[in-house]
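Structural overview for review
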Amino acid sequence: MRARLRVCVLISGSGSNLQALIDARDEGRIDIDIVGVISNQADARGLERASRAGIPASIVEHQDFAHRNKFDRALGLLIGAGKPHWVILAGFMRIVGSAVLDPFKGRLINLHPSLLPLYRGTDTYQRVLDAGDREHGASIHFVTGELDGGPVISQVRLPVLAGDDKHKLAARLAPMEHRLLVSTIEFFTQHRVEYSGAEVLVDENSLEHPLLLQADDRLV
Ligand code: GRF
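Summarised in this report is the structure supplied together with it. (Residues numbered from 1 in each chain as written. Predicted model: local features only at pLDDT ≥ 70, side-chain atom pairs only at ≥ 80, totals over all residues. Heavy atoms only, no water.)

Let's talk about the site of the ligand
Lining the immediate environment of the ligand, one finds Gly-13, Ser-14, Gly-15, Ser-16, Asn-17, Gly-91, Leu-111, His-112, Pro-113, Tyr-125 and Glu-177. In this structure, an oxygen atom belonging to the ligand sits 2.5 Å away from a side-chain N or O atom of Ser-16. Within the side chain of Glu-177, one N or O atom sits 2.5 Å away from an oxygen atom of the ligand. Bound to the protein, the ligand loses 81% of the 370 Å² it would expose on its own. Put simply, the ligand lies in the largest pocket. Those elements that place two or more of their residues in the shell around the ligand are helix 1 (16–26) and strand 5 (108–112). Of the residues in the shell around the ligand, the class split is three nonpolar, seven polar and one charged. (Near = heavy atom within 4 Å. Polar contact = N/O pair within 3.5 Å; in protein donor to acceptor, adjacent residues only side chain to side chain. Areas by Shrake-Rupley, 256 points an atom, 1.4 Å probe, with all protein chains shown as cover. 1 Å grid on protein atoms, 1.4 Å probe; cavity = no way out; pocket = protein on both sides within 12 Å on 5 of 7 lines; lining within 4 Å. Sits in = over half its atoms within 2 Å of the grid points. Helix = DSSP H or I, 4+ residues; strand = E, 2+ residues; numbered from the N terminus. Nonpolar A, V, L, I, M, F, W, Y, C, P; charged D, E, K, R; others polar.)

Dropping the structure here:
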């Protein structure tokens, strides 16, 4: 039997996606050990969620470092201390540099609230509304040096409704992101996803289109 998957979760805020992983773990839906939670914000609510769940949590604030690469090195060391198989950026609002990217290449993913490659960066909900798009969604992608630019593994789509504002859209997307994250991590626990640095392989086949979350939480 293979070892349980060790994951480290990086957060900056509420940590509702972290909570979704904790709940799925506690309910036996995914076989993971959350070996650490790291926040770049001392007041992130997700830190309380980690401590309630008995998960070791650390804070690393970029203001404490004179240079970006010193922050990255400290972050890389903290992540590495838990010996994670996968590193999940779940609402982590900092760009990570090579001291994090290099040691965790192909094992570092980010959750982003848009149907990438559309709308990299922030404020995606308002930008979707301003453009008059009929759908929005979320993506999980491998992290590379390019902001929200690495290859996409999985997505969830949701229709934009008449009368939507960015808050309504965000509120409807949040639970879908949680489901997307849990289902994607479940794929990882089954060792079905690999990234060589060139292409994403799912079940050893090159992934042509992102996996799409279905109503029953399957990824197809
Ligand atoms: C999510 O919407 C995620 O897509 C974005 O930040 C949010 C994190 O929410 N990158 P939470 O901290 O997990 O509640």
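Now that the structure has been shown, the text picks up again.
Quick notes on the pattern of salt bridges
Tallying each qualifying case throughout the model produces eleven salt bridges. Residue Arg-29 pairs with Glu-27 through a salt bridge whose shortest N-O separation is 2.8 Å. Judged by its relative accessible area of 44%, Arg-29 is partly exposed. Through salt bridges that share partners, Arg-4, Asp-31 and Asp-33 make up one connected network. (Salt bridge = Lys/Arg side-chain N within 4 Å of Asp/Glu carboxyl O. Buried < 20%, exposed > 50% of the residue type's maximum accessible area, 1.4 Å probe, protein only.)

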